[in-house]
Amino acid sequence: MGNGFDRHHNLRTGYLDYRHYLDEHHHGVLSEFEDFSYLSMYGNKINDLWSDLEEALTLDYMECIDSVVRDNYPDLNNDSDDRWYEIESELETQIRFIYKFTGEYLYEWLSSIDFSNCTHDLPLNSDDLYVTFNYTTTLEKIYNIPRSHILHIHGCIDKVDSSVFLGDNFYNPAKSMYEAEVTTPIPLYPYNHENVHSEIQFGSTNNNSQLIKNDLERQYGNDDFYGASIELGVNKIVEYCNASSKNLKQNYPMLNNFISNQHIDEIIIMGHSYEGIDSDYYRDILIPNFKNLLWNIYIHPPGDIEKVNTFISRYNLQNFKLIEW
């Protein structure tokens, strides 16, 4: 089950719905996202598909840090201690939107989705197994599918504990007025983001923070000011990647465990972008295990025809049925 499943049930769960919510309630974060010029789809219109949005979060990390280092390289003629932190500070200003965009505000929007006009028109069996790529609880709420028969492979909104959100402000750990003057306040938004991101996986599969950190260390590690200044900026790039990435392979054991030792006689795909960012699940697990079963693929012609034909051809599926809905 993909986002097309929710939208079939009149749920406003496309990216453009999320964008509209941000525009109305948190316009500043939306502007920072759309104005951030180091994303892979900067300047291009993002359509309503979540897979395209997640791909758009891919960071051109080398160009991003090169630009900031070039404009904020430590000036030895400047006696201020601030010179060592200007790279870090500039990158913090540029990337801080990501914590809200993929964290607290995403949760806030998901929590506001209205189920009152949701239809109930598909022949779903409560005894079947369901792998859903959606964060919503449509299967549970509308079809009364037991949670034990559902795998929310990228997490579920119900798992997020919103009671521990710490607000939008900064926390100053100082214990006296004097300490407050010399202590740097700690921003709370990374903590709020981690609370959401630990349960909801949302982001680009290309933002591998460890690989990117290694690449940046090779690029800048020998610079005289690496340890004193540039490394702080590298850490900010890593923080962005951690806040805007998902690792599909870490979910493989969970998926394998869910489908193992089960009597599965057919596969049904409803509203999922099998050619998109999640295609590795099909290549590495679903096709190898179930290629010879009947594949029922729900489509919206004519737009889906080319994609489904590519999918069928790529894996040489012989037993399939295309269903218009």
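Before reading on, note that the structure itself is shown above.
Here is a short report on the structure shown in this document. None of the values given here were measured: they were computed from a predicted structure. (Residues numbered from 1 in each chain as written. Predicted model: local features only at pLDDT ≥ 70, side-chain atom pairs only at ≥ 80, totals over all residues. Heavy atoms only, no water.)

### Focus on the side chain of Asn-195
Summarising the element assignment, Asn-195 is placed in helix α10 (residues 189-197). Engagement of the side chain of Asn-195 in a polar contact is seen with the backbone oxygen of Asp-161, the distance being 2.8 Å. (Helix = DSSP H or I, 4+ residues; strand = E, 2+ residues; numbered from the N terminus. Polar contact = N/O pair within 3.5 Å; in protein donor to acceptor, adjacent residues only side chain to side chain.)

### Here's the deal with the pairing of strand β6 (residues 294-299)
With respect to burial, β6 is a largely interior element, five of its six residues being buried. The pairing of strand β5 (residues 266-269) with β6 spans four bridges and is parallel. Counted as the bridge partner of Ile-268 is Asn-296 from β6. As a crossover connection, the stretch from β5 through helix α14 (residues 279-290) into β6 is right-handed. (Buried < 20%, exposed > 50% of the residue type's maximum accessible area, 1.4 Å probe, protein only. Pairing = 2+ DSSP bridges. Right-handed = clockwise from strand over helix to strand, strands pointing away.)

### Considering the nonpolar core
Counting 69 residues, the largest nonpolar core has Phe-33, Leu-59, Phe-101, Ile-237 and Tyr-240 as its most contacted members. Counting residues per element, this core draws most heavily on helix α7 (residues 97-112), at nine residues. Apart from residues lying up to four places away in sequence, Phe-33 is in contact with Tyr-15, Leu-39, Ile-46, Leu-53, Leu-57, Phe-97 and Phe-101. Judged by nonpolar contacts, the second largest core, of 25 residues, contains Leu-255, Tyr-274, Val-308 and Tyr-315. (Core = buried A, V, L, I, M, F, W, Y, C linked by side-chain atoms within 4.5 Å. Contact = heavy atoms within 4.5 Å.)

### Observations concerning the pattern of salt bridges
Counted by the stated rule, this structure contains 13 salt bridges. The salt bridge partner of Glu-54 is Lys-246, with a shortest N-O separation of 3.1 Å. Placement of Glu-54 in helix α4 (residues 50-56) and of Lys-246 in the loop between α12 (226-243) and α13 (252-259) is noted, with a sequence separation of 192 residues between them. As far as the burial class goes, Glu-54 and Lys-246 line up, both buried. Here the salt bridges do not stand alone but share partners, grouping Glu-54, Lys-246 and Asp-278 into one network. (Salt bridge = Lys/Arg side-chain N within 4 Å of Asp/Glu carboxyl O.)

### Here's the deal with α12
Relative to the 26 Å expected for 18 residues at 1.5 Å per residue, α12 spans 24 Å between its end C-alpha atoms, a close match to the ideal helical length. Restricting attention to buried positions, one finds in α12 the residues Tyr-226, Ser-229, Ile-230, Gly-233, Val-234, Lys-236, Ile-237, Val-238, Tyr-240, Cys-241 and Ala-243. (Expected span 1.5 Å × (residues − 1).)

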